[in-house]
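Breakdown of the fold
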Amino acid sequence: MSVTSTPTGSCRYIFNDESSLEKERLKRLNELYNENTISLLKPCLQRPVRVLEIGPGTGEIGSWIAKQVGQINYTALDTSAENIDTLRAMLPEAACISGSVTDVDKLDELKGKKFDVIFIRWVLAYIPKEQVEFTLKLLFDKLLNENGTLLCEECNVYKVHCITNDDARKRLDVKCYGEWLQLTRDVQSLEGVHADFEIGHGLKRHFASLNAEISVHTFQPILDSQYQKEIPVLAMKAAKTFLLGKKVRNEDELDQLTSRLAEVAIDPSLSVKYLKNRAIIAKKGEAHDEGNAYREFLNDKDLQQEGALGL
Ligand SMILES: C[S@@+](CC[C@H](N)C(=O)[O-])C[C@H]1O[C@@H](n2cnc3c(N)ncnc32)[C@H](O)[C@@H]1O
């Protein structure tokens, strides 16, 4: 596929990204997932490199990257003007751009720019499905240097389930989590809503047209403290305005579900196997060859099964 034009579409983020609840949700998610993400990023930042981060949110990984490579080598792009203002204050020498990843070919600030590393985590889930592959191709073909690396991480909500603290292998049927998953399904099937909470599952497919060497890594943390188990509660609260606007549930239903998730958070006997994350590392410069250069690190059982099914 050649990159000649960008399909357009509005990219309304479903969480209220200006709210303190969303900031708190992202902070707690960062505390859970960053160690794993940083272990994947670190080998790419061993020498002076220019890095583009898409959708940095509160900038926790961004400030770590800027420390590794120097602020002048770090560029951030986010649709949220407030996130961009916060990053500008945190990293005054970095380039912080307000805009959508779906428009990277149209942004003046990116004209003629190339990067050695492009990092994008939990953003593709919120752009129109039909633009995902095209957007990745734009990033890879137009903005990545030769020998550069694109690191993309997305999640799969449908792996979330409760477990008891004494047996992590036993899936528990906890009603409010079933209802929460049903709500996510209802949201992503609404017309005009850009949310694909399962995107991590088939993420590799979107890289098929890139001339890249690919490796796949998965990570699924367990929430066991009240603080961690409040993350889905924060998600409900940060998305409430959006959900009410879409009339996907009424206010009572949303509040009741939020309360029941909060009850699980304070129940010391229950833990939650949370969002399964899949990271794809796509390296430029190596020919994409199914039999040879196309490597996968099948590091968990689900992925092995999915790999066997060719997913
Ligand atoms: C779930 S947060 C992830 C934040 C951060 N990447 C992290 O890992 O903590 C999604 C971020 O992507 C931004 N975002 C959403 N849609 C976007 C788009 N089309 N282009 C660029 N950024 C976008 C949001 O404003 C928000 O900062």
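What counts and what doesn't
Residues numbered from 1 in each chain as written. Predicted model: local features only at pLDDT ≥ 70, side-chain atom pairs only at ≥ 80, totals over all residues. Helix = DSSP H or I, 4+ residues; strand = E, 2+ residues; numbered from the N terminus. Buried ≥ 20, exposed ≤ 12 C-beta atoms within 10 Å, placed from the backbone. Core = buried A, V, L, I, M, F, W, Y, C linked by C-beta atoms within 7 Å. Contact = placed C-beta atoms within 7 Å. pLDDT = per-residue confidence, 0-100. Pairing = 2+ DSSP bridges. Right-handed = clockwise from strand over helix to strand, strands pointing away. Axes fitted to C-alpha atoms, helices over the stretch in contact; angles between N-to-C directions. Left-handed = near helix turned anticlockwise from the far one by under 90°. Nonpolar A, V, L, I, M, F, W, Y, C, P; charged D, E, K, R; others polar.

On to the overall build of the chain, then. Counting its regular elements, the chain contains nine helices and eleven strands. Within the chain, buried positions represent 39% of all 311 residues.

Residues Ile118 and Leu151 are the most contacted members of the largest nonpolar core, which totals 76 residues. Beyond its immediate chain neighbours, meaning those up to four positions away, Leu151 contacts Leu40, Leu41, Cys44, Val117, Phe119, Ala279 and Ile281.

Our next topic: the confidence of the model for the chain. This prediction gives the chain a mean pLDDT of 88; 88% of its residues lie at or above 70. Below pLDDT 50 for its whole length, residues 1-11 participates in 21 contacts with residues either more than four positions away or in separate chains. In this model residues 288-311 is a low-confidence stretch, pLDDT under 50, and it forms 29 contacts with partners more than four residues away in sequence or in other chains.

For strand β4 (residues 115-121), a buried count of seven out of seven residues is recorded, marking the element as mostly surrounded by other parts of the structure. Relative to β4, strand β1 (residues 51-54) runs parallel, the two being bridged by four bridges. Across the sheet, residue Glu53 finds its bridge partner in β4, namely Phe119. Sheet analysis places β4 next to strand β5 (residues 144-156), joined by six bridges and oriented parallel. Along β5, the bridge assignment pairs Ile120 with Cys152. Taken together, β4, helix α4 (residues 132-143) and β5 form a β-α-β motif whose crossover is right-handed.

Looking now at the sheet that holds strand β2 (residues 74-78). Hydrogen bonding along the main chain pairs the strands of a sheet, whether they run parallel or antiparallel. Strand order in this open sheet of seven strands is β3-β2-β1-β4-β5-β11-β8, and the pairing throughout is mixed. Here the strands that pair on one side only, and so sit at the sheet edges, are β3 (95-98) and β8 (212-219). Across this sheet, the average inter-strand angle for adjacent strands is 15°, counted without regard to direction. Summarising the sheet, β2 and β3 pair through four bridges and their orientation is parallel. What sits directly across from Asp78, in β3, is Ser98. Relative to β5, α4 is tilted by about 160°, and along the sheet it contacts β1, β4, β5, β8 and β11 (276-284).

What follows deals with the packing of helix α1 (residues 20-41) against helix α2 (residues 60-69). Direction vectors running N to C along α1 and α2 enclose 35°, while the axes themselves pass 10 Å from each other. The way α1 lies across α2 gives a crossing that is right-handed. When α1 is examined against α2, the residues Asn30, Asn34, Thr37 and Ile38 are found in contact with a partner set consisting of Glu60, Ile61 and Trp64. Split into classes, the residues belonging to the contact of α1 with α2 amount to three nonpolar, three polar and one charged.

With that settled, consider the sheet that holds strand β6 (residues 161-164). In space, the four strands of this open sheet follow the order β7-β6-β10-β9, with antiparallel pairing throughout. Strand pairing shows two members of the sheet lacking a second neighbour, β7 (167-172) and β9 (222-223), which therefore form its edges.

On to the environment of Glu146. Counting through the fold element by element, Glu146 comes out in strand β5. As a C-alpha pair, Glu146 and Lys283 span 137 residues in sequence and 9.0 Å in three-dimensional space. The contacts of Glu146, once residues within four sequence positions are left out, are Lys284 and Gly285.

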